[in-house]
Amino acid sequence: MVGATVILGTGSGIAFFMLMAHRSGDAAFIGRTARVVVIADLIFTATAVGLQPLTGWLLMRETGAAFAQSWIVVSLILYLIAGAFWLPVVWMQARMRDLALAATQAGKVLPAAYYRLFRTWFLFAIPGFGAVLVILYLMIAKPVLF
């Protein structure tokens, strides 16, 4: 459960800082913020994502839970869904960073490609965060689903 809360916490923080930088409309600020966000995502979120299966398995072993329990099966599916949305988000953040920094260096406004990426990034957050929230619920409630 610690891994899921770290994923949710770092993801929320990263999303907040990206959103606030975007709302400023300042390409230089967006570029600097995205530079730090990409690093934070790779250090904290990637570590939590990588350790989650191991810590989950250790917790299952300690509590006597079985892979066949419905809430675990659904959690694993949701984990894969969250990952499928998170991996492109990291690339999008790096690309938005590059676009913002290039606009700053050229003394230009943010290009249309930046805004398209931001909209996609924002849309990917909905199923990605939603999946992690449901995983947290399942880990706490442990309901019998089927």
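Residues numbered from 1 in each chain as written. Predicted model: local features only at pLDDT ≥ 70, side-chain atom pairs only at ≥ 80, totals over all residues. Heavy atoms only, no water.

A few words now on the overall build of the chain. A tally of regular secondary structure across the chain gives four helices and zero strands. Across the chain, helices and strands are ordered from the amino to the carboxyl terminus as α-α-α-α. With the C-alpha coordinates aligned to their principal axes, the bounding extent of the chain is approximately 60 × 25 × 20 Å. Looking at the chain as a whole, 38% of its 146 residues qualify as buried. Of the contacts formed within the chain by residues at least 6 apart in sequence, a portion of 77% connects residues at least 24 apart. Here the chain has roughly 8300 Å² of accessible surface; of this, 74% comes from carbon and sulfur atoms. Distance from the positive charge centre (10 side chains) to the negative charge centre (4 side chains) of the chain: 8 Å. (Helix = DSSP H or I, 4+ residues; strand = E, 2+ residues; numbered from the N terminus. Buried < 20%, exposed > 50% of the residue type's maximum accessible area, 1.4 Å probe, protein only. Contact = heavy atoms within 4.5 Å. Areas by Shrake-Rupley, 256 points an atom, 1.4 Å probe, with all protein chains shown as cover. Lys, Arg positive; Asp, Glu negative; His and termini not counted. Charge placed at Lys NZ, Arg CZ, Asp CG, Glu CD.)

What follows is about unusual backbone geometry. You will see that lysine 142, though not glycine, has its phi angle at about 50°, which is positive. Relative to the helices and strands, lysine 142 is located in the segment after helix H4 (112–141).

Take serine 70: it is sitting in helix H3 (residues 70–106). Of the residues examined, serine 70 reaches a relative accessible area of 6% and is grouped as buried. With residues up to four places along the chain from it excluded, the contact list for serine 70 reads Pro143, Val144, Leu145 and Phe146.

With that settled, the discussion passes to the nonpolar core. Met18, Ile30, Met96, Leu110, Tyr114 and Trp121 are the most contacted members of the largest nonpolar core, which totals 20 residues. When residues of this core are traced back to their parent elements, those giving at least two are helix H1 (2–24), helix H2 (27–63), H3 and H4. Tallying contributions element by element places H3 first for this core, with six residues. Contacts of tryptophan 121, omitting those with residues within four sequence positions, involve Ala15, Met18, Leu19, Val89, Met92, Gln93 and Met96. Counting residues in each nonpolar core, the second largest holds 14 residues, with Ala48, Leu78, Ala131 and Met139 among its members. (Core = buried A, V, L, I, M, F, W, Y, C linked by side-chain atoms within 4.5 Å.)

Let us look at the packing of H2 against H3. Remark: H2 packs on H3, axes separated minimally by 8 Å, with the N-to-C direction vectors making an angle of 160°. Judged on the interaxial angle alone, H3 and H2 are roughly antiparallel. Seen along the crossing, H2 lies across H3 with a hand that is left-handed. In terms of residue class, the contact of H2 with H3 is built from 19 nonpolar, six polar and four charged. (Axes fitted to C-alpha atoms, helices over the stretch in contact; angles between N-to-C directions. Parallel < 35°, antiparallel > 145°, perpendicular 65-115°, else oblique. Left-handed = near helix turned anticlockwise from the far one by under 90°. Nonpolar A, V, L, I, M, F, W, Y, C, P; charged D, E, K, R; others polar.)

Right, let's get into the packing of H3 against H4. Where H3 meets H4, the axes come as close as 8 Å, and the angle between the chain directions of the two elements is 155°. On the basis of their axis angle, the class for H3 and H4 is roughly antiparallel. Like other packed secondary-structure pairs, H3 and H4 cross with a definite hand, here left-handed. When its residues are assigned to classes, the contact of H3 with H4 shows 25 nonpolar, four polar and one charged.

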